[in-house]
Amino acid sequence: MTTTLRPEGPETPTAAGGRTRRWRILSNGHPVGGLRTTATPHGGRLWGEISELEVTDGRGRGRGTFGALAAEEVLRHWGCVRVDVRIPESAPIARALAAALGYAERMRTLTKRLTDAPALPAGPTARPMDAAALQDWLDGGAERFARALVASGLTEEQAHAKSGGGRQNLLPQGVQTPGVVLRSLYGADGGPEPYGSIWVALHLRDLPDGEPLAWVMVVEVSPAHRGRGHGRTLMLLAERECLAAGVRNLGLNVFADNAVAVRLYDSLGYSVTDRLYGKAL
């Protein structure tokens, strides 16, 4: 029995300046599934992604494994230095396959359906983020994000290429950018330094049912004030801001090895929707 990978359609460019192609998985010339390979530039290097992998006939016969390995060879040929695959939480077999092929879980995507506005703890107060402090906060966050990326399995070069994507480009008008929430949490004593800050995009995209999805872009508590519940307060604040704007779905990404954050989001009722796995090529 011969299993092969053949193009399903022409290769097309992506909006980010990369390339993508859909493939069919064939067994003795008979279609048994398909997948897509995509290459995206990051800091002058190409990163690969395998998506839409599905075996429609003859599951359990290694056809998914063949498809994934063949897709990796395509991405190597395209010049990709690493490959990621995003797997729905509802697909445990696919997650087991990724682990067997040497992929490590890097990140999780979580979402929550918002209902009633939560009460905020007494004491700390929230204020709009100081415009003068925004750039320093973004720069510091990019460096911390790069360190977290290295801890998740990327090289220093890859991490800085990824974190240097310019999140500030999503804030063309700074703290006055429409459709975003930028808040800092201060102590009741009125001290000048915030306990932490949060950035929420109120309408990142629409869900399949057409409802808007808000997204936590950055949430961070300063090192001196961690372990005191301020991260929970910032998340509750984000939920209140979303509901005030008429948005009832909030999502975020969390690094898989960040056990403290994972426990926090679980306690707040967030559910894992998919997991990101990756490895070097």
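Summary of the structure given here. (Residues numbered from 1 in each chain as written. Predicted model: local features only at pLDDT ≥ 70, side-chain atom pairs only at ≥ 80, totals over all residues. Heavy atoms only, no water.)

**Overview of the pairing of strand β12 (residues 249–255)**
Right, so step 1: Burial of β12 is extensive: 6 of the 7 residues sit out of reach of the surface.
Right, so step 2: Bridge analysis of strand β7 (residues 104–113) against β12 gives 7 bridges, and the strand direction is antiparallel. Note on β12: the bridge partner recorded for K112 is L250.
Right, so step 3: Inspection of the sheet shows strand β11 (residues 212–221) paired to β12 by 2 bridges, in the parallel sense. Bridging across to β12, W215 finds its partner in G251.
Right, so step 4: Note on the crossover from β11 through helix α5 (residues 230–244) to β12: the handedness is right-handed. (Buried < 20%, exposed > 50% of the residue type's maximum accessible area, 1.4 Å probe, protein only. Helix = DSSP H or I, 4+ residues; strand = E, 2+ residues; numbered from the N terminus. Pairing = 2+ DSSP bridges. Right-handed = clockwise from strand over helix to strand, strands pointing away.)

**Digging into the packing of aromatic side chains**
Each aromatic ring pair is described using two quantities: the centre-to-centre distance and the angle formed by the ring planes.
Right, so step 1: By the definition in use, this model includes 1 aromatic pair.
Right, so step 2: Relative to Y270, the ring of Y265 lies with its centre 6.1 Å away and its plane at 70 degrees, an arrangement referred to as edge-to-face. The exposure classification of Y265 matches that of Y270, with both residues buried.
Right, so step 3: The lysine or arginine in question, R21, covers the ring of W23, its NZ or CZ lying 5.5 Å from the ring centre.
Right, so step 4: Taking the ring centre of W47 as reference, the NZ or CZ of R82 above it sits at 5.6 Å. (Phe/Tyr/Trp six-rings, centres within 6.5 Å; stacked < 30°, edge-to-face > 60°. Lys NZ or Arg CZ within 6 Å of the ring centre and 35° of its normal.)

**A look at the layout of surface pockets**
Rolled over the atoms, a probe with the dimensions of a water molecule shows which regions are left empty.
Right, so step 1: One number sums up the size of the second largest pocket: a volume of about 700 Å³.
Right, so step 2: If you trace the second largest pocket, you find 26 residues lining it, with L53, G64, I93, A94 and L97 closest to the centre.
Right, so step 3: Looking at the lining of the second largest pocket, the elements that each hand over two or more residues are β5 (45–55), α1 (63–77), β6 (80–88) and α2 (92–100).
Right, so step 4: Counting residues per element, the lining of the second largest pocket draws most heavily on β5, which supplies 6 residues. (1 Å grid on protein atoms, 1.4 Å probe; cavity = no way out; pocket = protein on both sides within 12 Å on 5 of 7 lines; lining within 4 Å. Points joined across faces, edges and corners; volume = space filled by probe spheres on them.)

**Some remarks on helix α6 (residues 259–267)**
Right, so step 1: Regarding α6, the residues found buried are A261, L264 and Y265. Down the axis, α6 shows its buried residues gathered within 90 degrees of arc, on one side only. Seen from the open side of α6, the exposed residues pointing more than 90 degrees away from its buried face are R263 and D266.
Right, so step 2: Of the residues flanking the end of α6, it is G269, one or two places downstream, whose phi is positive at about 95 degrees. (Arc of directions from axis to C-beta.)

**Some details on unusual backbone geometry**
Backbone phi values are negative for most residues with the exception of glycine, while trans is the configuration of most peptide bonds.
Right, so step 1: Phi at N28 takes a positive value of approximately 50 degrees, unusual for a residue other than glycine.
Right, so step 2: Here N28 is to be found in the loop between β3 (19–27) and β4 (30–42).

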